[in-house]
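Given next are the chains, with one letter for each unit.
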Amino acid sequence: MGASAPNLAGGMPGAGGRPILAFRAGVWNDNPIAVQILGICSALAITTRLENALVMGAGVVFVVMMSSLILSLLRKAIPRRIRMIAEVAIIATFVILVDQFLRAYYWDMSKRLGPYVGLIITNCIIMGRAEAFALHNRPGISVVDAAANGLGYTFILAVVGLVRELGGTGTIAFGGRVLLEIPDYPRNLVLGGAPGAFIVLGFLVALLYALGLRKEREART
Amino acid sequence: MKGSLYSLLFAALLGAVCAGLLTAARELTAARREANAQAERIRHILDALGVAYDAEGGAEQLVQAYEKNVRAVERKGTKFHEYVGSDGAVRAAAVLFDGKGLWGPIRGILALEPDRRTVRRITFYQQEETPGLGGEIATRSFTQQFDGQNIVSPAGEAGLAVQAIAGATMTSQRVQEMLNRVARQILESEAANGR
């Protein structure tokens, strides 16, 4: 791995050809939320419940993989000057497809996620991966990179959603069934509300750094 | 110049492909989405009327429960969904209403006791008000203030008393207008029937 300055967008040149490294970078070393602090809006907004976090994560994984694949395939054909418009058009198409799919087959979930499915279009992770990686790399590795970043995003969302749902309501529910319940739990409005999202995410990022996230970054640079 | 023409062609082609994909997806899912929206409306009506139904069942069960228990009657342009018990007596009646909210449309259901004066329950099933402020209208803690209210005030005017939400004056006002309008509508529909 060549020494490189911390790259905000994460696309390390050295990782370009090696799936394992690209995967590790997306999930851990360059985790889009914990390290790059991208995609924060949805991470804060929909993590009131674990189920919401996982469905949102799945949507982002799908969109980022598909858009990275298509953009990588088209990378030599896209005129440089209008590349961002092309990126947005392709990303938006996949996001609307996901939205329509949810409306048709997962109506309740679609209602619960509300406008945030549509807002995947503006999730910086997706355009970030397109700009930093897919437009400069072959399709195979681009899809790996995209999947890793999507999973890295989903992982953080799931942890925050778990803490907030359990801490806020004392229960974990999935598909309408309660899986886990703490008896006599007093509702915690701070964790369930917007401030809780900031607090939990802040502590989680601190914890990940304490667990060695920073060491790996420093070792790399 | 050549580059510009290429960019233009590329953009047009990309746009056409994306639009084609989206149109196809829309067409393919249209029936299901419409069925979902319909089932959603029916579920809200059943909830408001207090009709029991299988919550786990799909859209078809909802439609069945509706057709079995509910009769839709139109009186002078106002559509009532009446819950008819097995003895043939009306147990509750619901009227759908809507209006402009602060950010988007607000839709709700007003369910009445058989006397058609006393509110059984009001629910707002669609709203895009500010979360935490106007959005509170969708919560039970806001709507329970209407339970048992008469749609005619002691002074004889049609309307309901709305306890405004602090910090959501606009939403509260619009809800007030909406409820007064539907209360008037209900009274007028009955006047036509000679009640």
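From a predicted model like this one, the values you see are computed outputs, not experimental measurements. (Residues numbered from 1 in each chain as written. Chains lettered and ligands numbered in written order. Predicted model: local features only at pLDDT ≥ 70, side-chain atom pairs only at ≥ 80, totals over all residues. Heavy atoms only, no water.)

A. Structural view of the overall build of chain B. Counting secondary structure elements, chain B contains four helices and five strands. Counting from the amino terminus, helix and strand elements in chain B follow one another as α-α-β-β-β-β-β-α-α. In terms of overall size, chain B is more extended than a compact globule, its C-alpha atoms giving a radius of gyration of 22 Å where 195 residues would be expected to give roughly 16 Å. Principal axes of the C-alpha set define a box for chain B whose edges measure 80 × 40 × 35 Å. A burial count over chain B gives 38% of its 195 residues as buried. Put simply, chain B shows about 10,800 Å² of open surface, and 53% of that area lies on carbon and sulfur atoms. A distance of 4 Å separates the average location of the 23 positive side-chain charges in chain B from that of its 22 negative side-chain charges. (Helix = DSSP H or I, 4+ residues; strand = E, 2+ residues; numbered from the N terminus. Rg over C-alpha atoms; globule rule 2.2 N^0.38 Å. Buried < 20%, exposed > 50% of the residue type's maximum accessible area, 1.4 Å probe, protein only. Areas by Shrake-Rupley, 256 points an atom, 1.4 Å probe, with all protein chains shown as cover. Lys, Arg positive; Asp, Glu negative; His and termini not counted. Charge placed at Lys NZ, Arg CZ, Asp CG, Glu CD.)

B. Quick look at the interface of chain A and chain B. Contacts between chain A and chain B engage 19 residues on the former and 21 residues on the latter. Taking both partners together, chain A and chain B bury about 1,700 Å²; carbon and sulfur atoms supply 66% of that area. Inspection of the region where chain A meets chain B yields zero salt bridges. Run the count over chain A and chain B and you get seven residue pairs in polar contact (both at pLDDT 80 or more). Among the elements of the structure, helix H4 (83-105) and helix H5 (107-113) of chain A are those that each provide at least two residues to the side of chain A that touches chain B. Residue composition of the side of chain A that touches chain B, by class: twelve nonpolar, two polar and five charged. (Contact = heavy atoms within 4.5 Å. Buried area = accessible area lost by both parts, 1.4 Å probe. Salt bridge = Lys/Arg side-chain N within 4 Å of Asp/Glu carboxyl O. Polar contact = N/O pair within 3.5 Å; in protein donor to acceptor, adjacent residues only side chain to side chain. Nonpolar A, V, L, I, M, F, W, Y, C, P; charged D, E, K, R; others polar.)

C. Just the packing of aromatic side chains, in detail. Per the counting criterion, the structure on display carries seven aromatic pairs over all chains. The interplanar angle of 80 degrees and the centroid separation of 6.2 Å between the aromatic rings of A:Phe62 and A:Phe94 together place this pair among those described as edge-to-face. Linking A:Phe62 in helix H3 (residues 50-73) with A:Phe94 in helix H4, this pair joins segments that are 32 residues apart in sequence. When its relative accessible area of 36% is taken as the criterion, A:Phe62 is described as partly exposed. You can call A:Phe94 buried: its relative accessible area is 10%. Aromatic side chains B:Phe124 and B:Phe142 sit 6.4 Å apart centroid to centroid with 45 degrees between the ring planes, which places their arrangement in the tilted category. In this pair, B:Phe124 is assigned in strand S5 (residues 119-126) and B:Phe142 in helix H3 (residues 140-143), connecting sequence segments 18 residues apart. Taking relative accessible area as the criterion, B:Phe142 reaches 6% and is therefore assigned buried. Among the aromatic side chains, those forming a connected cluster through ring pairs are B:Phe97, B:Phe124, B:Phe142 and B:Phe146. For the cation-ring pair, B:Arg75 lies above B:Phe80, with the distance from its terminal atom to the ring centre recorded as 5.4 Å. The lysine or arginine in question, B:Arg116, covers the ring of B:Phe80, its NZ or CZ lying 5.0 Å from the ring centre. (Phe/Tyr/Trp six-rings, centres within 6.5 Å; stacked < 30°, edge-to-face > 60°. Lys NZ or Arg CZ within 6 Å of the ring centre and 35° of its normal.)

D. Up close: the layout of surface pockets. Roughly 1,000 Å³ of volume is contained in the second largest pocket. If you go around the second largest pocket, you meet 36 residues; those closest to its centre are A:Tyr105, A:Tyr106, A:Trp107, A:Asp108 and A:Met109. Mapped onto the lining of the second largest pocket, the elements with two or more residues apiece are H3, H4 and H5 of chain A together with helix H1 (2-49) and helix H2 (59-69) of chain B. When residues in the lining of the second largest pocket are grouped by element, the largest group, seven residues, is from H3(A). Here the lining of the second largest pocket is composed, by residue class, of 23 nonpolar, six polar and seven charged. (1 Å grid on protein atoms, 1.4 Å probe; cavity = no way out; pocket = protein on both sides within 12 Å on 5 of 7 lines; lining within 4 Å. Points joined across faces, edges and corners; volume = space filled by probe spheres on them.)

E. Representation of the pairing of strand S2 (residues 78-84) of chain B. Residues and elements named next belong to chain B. Burial analysis of S2 places six of its seven residues in the buried class, the great majority of the element. Note: strand S1 (residues 70-75) against S2, six bridges, orientation antiparallel. Residue Ala72 lies in a different strand from S2, and its bridge partner there is His81. Taking the residues between adjacent antiparallel strands as the criterion, S1 and S2 are bridged by two residues, where Lys76 takes a positive phi near 50 degrees. Judged from the four bridges that link them, S2 and strand S3 (residues 90-100) form a sheet pairing that is antiparallel. (Pairing = 2+ DSSP bridges.)

F. Geometry of the pattern of salt bridges. Overall, the coordinates contain 13 salt bridges over all chains when judged by the stated rule. Notably, a salt bridge pairs A:Glu131 with A:Arg83, separated by 2.9 Å at the nearest N-O pair. Placement of the pair is A:Glu131 in helix H6 (residues 124-132) and A:Arg83 in helix H4, with a sequence separation of 48 residues. Given the relative accessible area of 21%, A:Glu131 is considered partly exposed. Ionic pairing is found between A:Arg129 and A:Asp145, a salt bridge with its closest N-O pair at 2.9 Å. A residue pair is termed long-range when its members are at least 10 positions apart, and A:Arg129 in helix H6 and A:Asp145 in helix H7 (residues 139-169) qualify at 16 residues. For the residue pair A:Arg129 and A:Asp145, the accessibility class agrees, reading buried in each case. Put simply, B:Arg71, B:Arg75, B:Glu82 and B:Arg116 are held in one network by salt bridges that share partners.

G. Structural detail: the side chain of B:Asn69. Residue and element names in this part refer to chain B. Take Asn69: it is sitting in helix H2. Judged by its relative accessible area of 17%, Asn69 falls in the buried class. In this view, Asn69 contacts Val51, Glu82, Tyr83 and Val84; residues no more than four positions away in its chain are not counted.

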